[in-house]
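# Examination of the molecular architecture
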Amino acid sequence: MLAVARRAGQWPLVGGIARGLSYGGEHAALWLAAGATAAAFDPARRAAWLRGTALVGAAHLASMGVKRVVRRPRPRPARDAPLVRTAGRHSFPSSHASSAAAAAVAFTVLHPPLRHVAVPAAVAMCLSRLVVGVHYPSDVAAGALLGAATAAAGRDWLRATPPGGTRG
């Protein structure tokens, strides 16, 4: 599967999109920015959007912690060099996948119609890590599970009503 995904990156459009997603997902930047933007444009639920954004950050940090323990090296394909440079040399789990899955879960809890955008965007982010050649499929799967579980664990927190206030 890794070889097939990596070869797809040789197509200019696919490789370009995968590189863009990889850069945008570095340190969960795309997802943190999306959450902050939602908080800015939805003042009535600003606190909830910020909690959702915090869950994305927590998922990203959790994946980085697991990486430091597991220390699995990144793939070193014989044929195709990776399409992007990475911030670190460890691969398991994918932090991009973790933050993407956390955002998909948290943001769709806060605004269910977002599932039509957030879920496909998260899947694309996850697949991009294979296309650019910097993760094994198990890295991406574990990262996505970690991120989704982190956001799901915070579901009640997302829906919390602040003391004396409206649900935010």
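Preceding this paragraph is the structure being described.
Residues numbered from 1 in each chain as written. Predicted model: local features only at pLDDT ≥ 70, side-chain atom pairs only at ≥ 80, totals over all residues. Heavy atoms only, no water.

### Here we look at the environment of V134
- Mapped onto the elements, V134 comes out in the loop between α6 (115–131) and α7 (137–153).
- Residues V134 and S22, spaced 112 residues apart in sequence, show a C-alpha to C-alpha distance of 9.9 Å. (Helix = DSSP H or I, 4+ residues; strand = E, 2+ residues; numbered from the N terminus.)

### Quick look at the nonpolar core
- Ranked by internal contacts, the top residues of the largest apolar core, which has 24 residues, are W31, W49, V56, F107 and L158.
- Of all the secondary-structure elements, those providing two or more residues to this core are α3 (29–41), α4 (46–70), α5 (95–110) and α6.
- The element best represented in this core is α5, accounting for nine residues.
- Counting residues in each nonpolar core, the second largest holds six residues, with A97, A101, L130 and A144 among its members. (Core = buried A, V, L, I, M, F, W, Y, C linked by side-chain atoms within 4.5 Å. Buried < 20%, exposed > 50% of the residue type's maximum accessible area, 1.4 Å probe, protein only.)

### A few points about unusual backbone geometry
- Looking along the chain, the bond that leaves F92 and enters P93 is cis, with omega of -5°.
- With respect to the element layout, P93 can be found in the loop between α4 and α5.
- Residues other than glycine seldom take positive phi values, yet H27 does so here, at roughly 55°.
- Mapping H27 onto the fold places it in the loop between α2 (12–25) and α3.
- In this structure, A28 is a non-glycine residue whose phi angle is positive, near 65°.
- One can find A28 in the loop between α2 and α3.

### Quick word on the packing of α3 against α4
- Where α3 contacts α4, the axes come no closer than 8 Å and their chain directions differ by 175°. Accordingly, the angle class assigned to the pair α3 and α4 is roughly antiparallel. Of α4, the residues touching α3 (which contributes W31, L32, G35, A36, A38, A39 and A40) are R46, W49, L50, T53, V56 and G57.
- Broken down by class, the residue content of the contact of α3 with α4 amounts to nine nonpolar, three polar and one charged. (Axes fitted to C-alpha atoms, helices over the stretch in contact; angles between N-to-C directions. Parallel < 35°, antiparallel > 145°, perpendicular 65-115°, else oblique. Contact = heavy atoms within 4.5 Å. Nonpolar A, V, L, I, M, F, W, Y, C, P; charged D, E, K, R; others polar.)

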